[in-house]
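Chain by chain, the residues run as shown.
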Amino acid sequence: MNWTGRMPVPLLWRRFQLQFLSSQSVAVGDGRRYAPGMVHVGIGYDVHQLVAGRRLVLGGVEIPHPKGLDGHSDADALMHAICDALLGALGEEDIGHFFPNTDPRWKGVPSRFFLQEAARIIALRNGKIVNLDATVIAQAPKIYPYIAAMKRCIAEALMIPEKKVGVKATTNELMGFIGREEGIAAMAVASVDLPE
Ligand code: MG
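Conventions used here
Going along each chain's sequence as written, the residues are numbered from 1 onward. Local features in this predicted model are restricted to residues whose pLDDT is 70 or higher, and side-chain atom pairs enter the listing and the counts only when it is 80 or higher, whereas totals over whole chains, interfaces and linings include all residues. Side-chain metrics rest on all non-hydrogen atoms present in the structure, leaving aside hydrogens and water. The way it works is that DSSP assigns letters per residue, a run of H or I at least four long becomes a helix, a run of E at least two long becomes a strand, and they are numbered from the N terminus. Accessible area is worked out with a 1.4 Å probe on protein chains only. A residue is then buried under 20% of its type maximum, exposed over 50%, and partly exposed in between. Contacts were defined at the residue level, with two residues in contact if any of their heavy atoms lie within 4.5 Å. The donor set comprises N, O and S atoms within 2.8 Å of the metal, extended to 3.2 Å for Na, K and Ca; water molecules are omitted, so apparent gaps in a site may simply reflect that omission. Throughout this description, a polar contact denotes any pair of N or O atoms lying within 3.5 Å of each other; where both atoms belong to protein, one of them has to be capable of donating a hydrogen while the other can accept it, and for residues adjacent in sequence the pair is counted only when both atoms sit in side chains.

### What about the environment of Leu 115?
Structurally, Leu 115 is set in helix α4 (residues 112–124). For Leu 115, a relative accessible area of 0% gives the class buried. Separated by 44 residues in sequence, Leu 115 and Met 159 have C-alpha atoms that sit 9.7 Å apart. Each residue touching Leu 115, except ones within four places of it in the same chain, is listed here: Met 79, Ile 82, Cys 83, Leu 86, Ile 154, Ala 157 and Leu 158.

### Observations regarding the coordination of the magnesium ion
Ideal geometry at a metal gives 109.5 degrees between four tetrahedral donors and either 90 or 180 degrees between six octahedral ones. Every protein donor of the magnesium ion is accounted for by Asp 46 (OD), His 48 (NE2) and His 80 (ND1), and the metal-donor separations fall at 2.1 to 2.3 Å. Motif for the magnesium ion, donor spacing along one chain: D-x1-H-x31-H. For the residue pair Asp 46 and His 48, the accessibility class agrees, reading buried in each case.

### Considering the side chain of Ser 111
Relative to the assigned elements, Ser 111 resides in the loop between α3 (95–98) and α4. Within polar-contact distance, the side chain of Ser 111 engages the side chain of Asp 74 at 2.4 Å. Filtering out sequence-adjacent residues up to four positions away, Ser 111 remains in contact with Ser 73, Asp 74, Ala 75, Asp 76, Met 79 and His 80.

Written as structure tokens, this is what we have:
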């Protein structure tokens with residue numbers, strides 16, 4: 001207060017700013033407060049060809065099927081899409097940059113390893129996965145019976161609760177290369193709480 005008994009304008013402005021900012025942030029119960037700009041979102045997409053003589057692994061779950069996904073690793077398109085979504089939320093380069101398919105170290109490796117690495121990179125940045133959601137696009141086989149197990153594998157690899165993981169599946173209504181069962185695709189989004 002000054003001699004007139006009024007609060008100086010700069011202090012009034014500061015009080016307004018503090019009130020405005022606190023109304024814009026939300027307590028989340030573990031001492032953190034979300035404010036605009038702290039939650040970063042990433043998107044991921046992957047597709048692999050279906051070929052004879054390969055295991056079909058999606059979301060870390062082996063699915064009985066006459067054909068499997070072709071690729072350098074286990075070709076788990078779902079985990080690859082999720083990995084890219086997480087790396088994208090960090091503003092990092094894609095999965096191929098971190099784990100090139102020309103590197104013999106990644107040959108035949110289970111893709112949960114890539115998710116574990118993404119989780120490690122997020123932890124190094126002091127980040128926290130808020131949630132992720134993914135869709136598998138496959139004409140065959142039916143994916144639904146395996147979704148609960150996929151969620152469990154993905155959550156375990158990332159060391160997050162299953163309730164933070166969404167997995168859905170759809171067909172391609174018999175259209176295009178997915179409809180002809182030549183390949184399976186997956187897309188994912190992820191949000192990561194990153195300190196400024
Ligand atoms: Mg891939």
